[in-house]
Amino acid sequence: MRRPGCALIPALLGLSLLVQAEPVQLNSLEWPPYSGSLSGQGFLSSLLREALARENYQLTVKIYPWKRATGLAMQGEEGALGFFSASPIECAAARGQLSDPIGYYQLTLAQRSDALTIWREASEFHGKRIGVVEGYDNGKQIDALIYAGKVQADYSSSDVQNLNKLAAGRLAAAVVDKRVFSYYQHKLGLDQLLVGPANLTRRLPLHVCFNQSPSAERLRQALNRQLSGLDLEQYAERYLAHLAKAGKPSNATPKPDTAGLAK
């Protein structure tokens, strides 16, 4: 005879599997709204956490300066299995393995609104000082100009430092992602800055860059299974809409409703 309590066993086993989700760690940087000190640690952190939960992983995202984030991840220190958000160039430089795309970015040049001319071509900055963040992929146009010595690269440790230098008049322009610029322009009140009508790059993919360990490879495959068919831009826009409704972005931004990855 079947005991009344037997029907509970499958449900309890399923609950046990959820409770025992495997903890994993990825590193990232302060790069809002993609990642950092804001709701859900940014929309890419939120997306990754939800996607990996479906594979029975419990994701922790550790935020570091970019070079430290990548170095620790590639050496597997502190349990890290990889870092994001990485371009293919950045991951190749770190000798890692790329995930499928987790989102998209687009680089532009910010400049002061009181500049004599608003830029339309990167070549307009020949002989001038351009702000870049150390370790970032700046796009082919700017990197080629830096390599050829046609512009002077001024290196900063973060986008905030880079944009503040520009606001203070120490740079002719600063390389920045369009979404990052929009976020910091509002958060820091940088109304004296703007971006030109052109872009340095088309919309390009972002990835998780995994180290070469077997554990990282298993996690990469699990993530790719969940990324297949996702509408990444829809997820991003839904997150950003909640930030906009909350007014000025801050660490106290209410948690956005990102339940359910769009298929």
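Shown above is the structure to which this text applies.
Scope of this entry: the structure provided in the associated data block. (Residues numbered from 1 in each chain as written. Predicted model: local features only at pLDDT ≥ 70, side-chain atom pairs only at ≥ 80, totals over all residues. Heavy atoms only, no water.)

**Focus: the nonpolar core**
Note the threshold: The term nonpolar core refers to a set of buried residues drawn from Ala, Val, Leu, Ile, Met, Phe, Trp, Tyr and Cys, joined through side-chain atoms within 4.5 Å. Only protein chains enter the accessibility calculation, which uses a 1.4 Å probe; a residue whose area is less than 20% of its type maximum is buried, one above 50% is exposed, and one in between is partly exposed. The criterion used for residue contact is that any of the two residues' heavy atoms lie within 4.5 Å.
If you look at the biggest cluster of nonpolar residues, it comprises 73 residues, and the most contacted ones within it are Leu 26, Leu 48, Ile 102, Leu 109, Ile 142 and Leu 223. Discounting chain neighbours no more than four positions away, the residues touching Leu 48 are Leu 26, Leu 59, Phe 84, Ile 102, Val 208 and Leu 223.

**Considerations on the state of the cysteines**
Going by this rule: Disulfides are defined as pairs of cysteine sulfur atoms found within 2.5 Å of each other. Secondary structure follows DSSP: runs of H or I at least 4 residues long count as helices, runs of E at least 2 residues long count as strands, and numbering of each begins at the N terminus.
One pass over the full model with this rule turns up one disulfide. Each disulfide pairs two cysteine sulfurs, and for Cys 91 the partner residue is Cys 209, the sulfurs being separated by 2.1 Å. Judged by the torsion about the S-S bond (80°), the Cys 91/Cys 209 disulfide is right-handed. Residue Cys 91 is located in helix H4 (residues 88-94), and its partner Cys 209 is located in strand S11 (residues 204-210); the two are separated by 118 residues in the primary sequence. Judged by relative accessible area, Cys 91 falls into the buried class, the value being 1%.

**Re the packing of aromatic side chains**
The condition is simple: Aromatic pairs are defined between Phe, Tyr and Trp rings, using the six-membered ring for Trp, whenever the two ring centres lie within 6.5 Å; interplanar angles under 30 degrees are classed as stacked, those over 60 as edge-to-face, and all others as tilted. Here, over-ring charges are defined by two tests on the NZ atom of lysine or the CZ atom of arginine: distance to the ring centre within 6 Å, and angle to the ring normal within 35 degrees.
On inspection of all chains with the given rule, the structure shows seven aromatic pairs. Seen in terms of ring centroids, Trp 31 and Tyr 34 are 4.2 Å apart; in terms of plane orientation they differ by 20°. Their pairing is stacked. You can call Trp 31 buried: its relative accessible area is 8%. The exposure class of Tyr 34 is buried, given its relative accessible area of 1%. A ring pair is formed by Tyr 34 and Phe 43, whose centres lie 5.2 Å apart and whose planes are at 45°; its orientation type is tilted. Both residues of the pair, Tyr 34 and Phe 43, count as buried. Through a chain of ring-to-ring contacts, the aromatic side chains of Trp 31, Tyr 34, Phe 43 and Tyr 239 assemble into a single cluster. The aromatic ring of Tyr 104 is capped on one face by Arg 203, whose charged end is 4.0 Å from the ring centroid.

**As for the packing of helix H2 (residues 43-53) against helix H8 (residues 214-227)**
Short version of the rule: Helix axes are fitted to C-alpha atoms over the stretch in contact, other axes to C-alpha atoms as well, and angles between N-to-C directions run from 0 to 180 degrees. Put simply, angles under 35 degrees are roughly parallel, angles over 145 are roughly antiparallel, angles from 65 to 115 are roughly perpendicular, and the rest are oblique. Put simply, Ala, Val, Leu, Ile, Met, Phe, Trp, Tyr, Cys and Pro go in the nonpolar bin, Asp, Glu, Lys and Arg in the charged bin, and everything else, Gly too, in the polar bin.
Following both chains from N to C, one finds H2 and H8 inclined at 100°, their axes separated by 9 Å at the closest point. Classified by the interaxial angle, the pair formed by H2 and H8 is roughly perpendicular. Contacts between H2 and H8 pair Leu 47, Leu 48, Ala 51 and Leu 52 from the former with Leu 219, Leu 223, Gln 226 and Leu 227 from the latter. Split by residue class, the contact of H2 with H8 holds seven nonpolar, one polar and no charged.

**Thoughts on the sheet that holds strand S7 (residues 129-133)**
Note the threshold: Between any two strands, at least two bridges found by DSSP are needed for them to pair.
Taken in spatial order, the five strands make up an open sheet running S8-S7-S9-S6-S10, and their pairing is mixed. Among the strands making up the open sheet, the edge pair consists of strand S8 (152-156) and strand S10 (193-195). Across this sheet, the average inter-strand angle for adjacent strands is 35°, counted without regard to direction. Two elements, S7 and S8, share five bridges in a ladder whose sense is parallel. Counted as the bridge partner of Val 132 is Tyr 155 from S8. This element, helix H6 (residues 159-167), spans strand S6 (107-112), S7, S8, strand S9 (173-177) and S10 of the sheet and lies at about 145° to S9.

**Focus: the pairing of S11**
For S11, a buried count of six out of seven residues is recorded, marking the element as mostly surrounded by other parts of the structure. In terms of strand pairing, strand S3 (residues 80-86) meets S11 through three bridges, oriented antiparallel. Along S11, the bridge assignment pairs Phe 83 with Cys 209. Two elements, strand S5 (residues 103-105) and S11, share three bridges in a ladder whose sense is antiparallel. The residue bridging Gly 103 from the neighbouring strand is Leu 206, located in S11.

**Details of unusual backbone geometry**
Residue Pro 32 is joined to Pro 33 through a cis peptide bond whose omega torsion reads 10°. Structurally, the position occupied by Pro 33 is in the loop between strand S1 (22-28) and H2. Residues Phe 84 and Ser 85 are joined by a peptide bond in cis, for which omega reads 10°. Structurally, the position occupied by Ser 85 is in strand S3.

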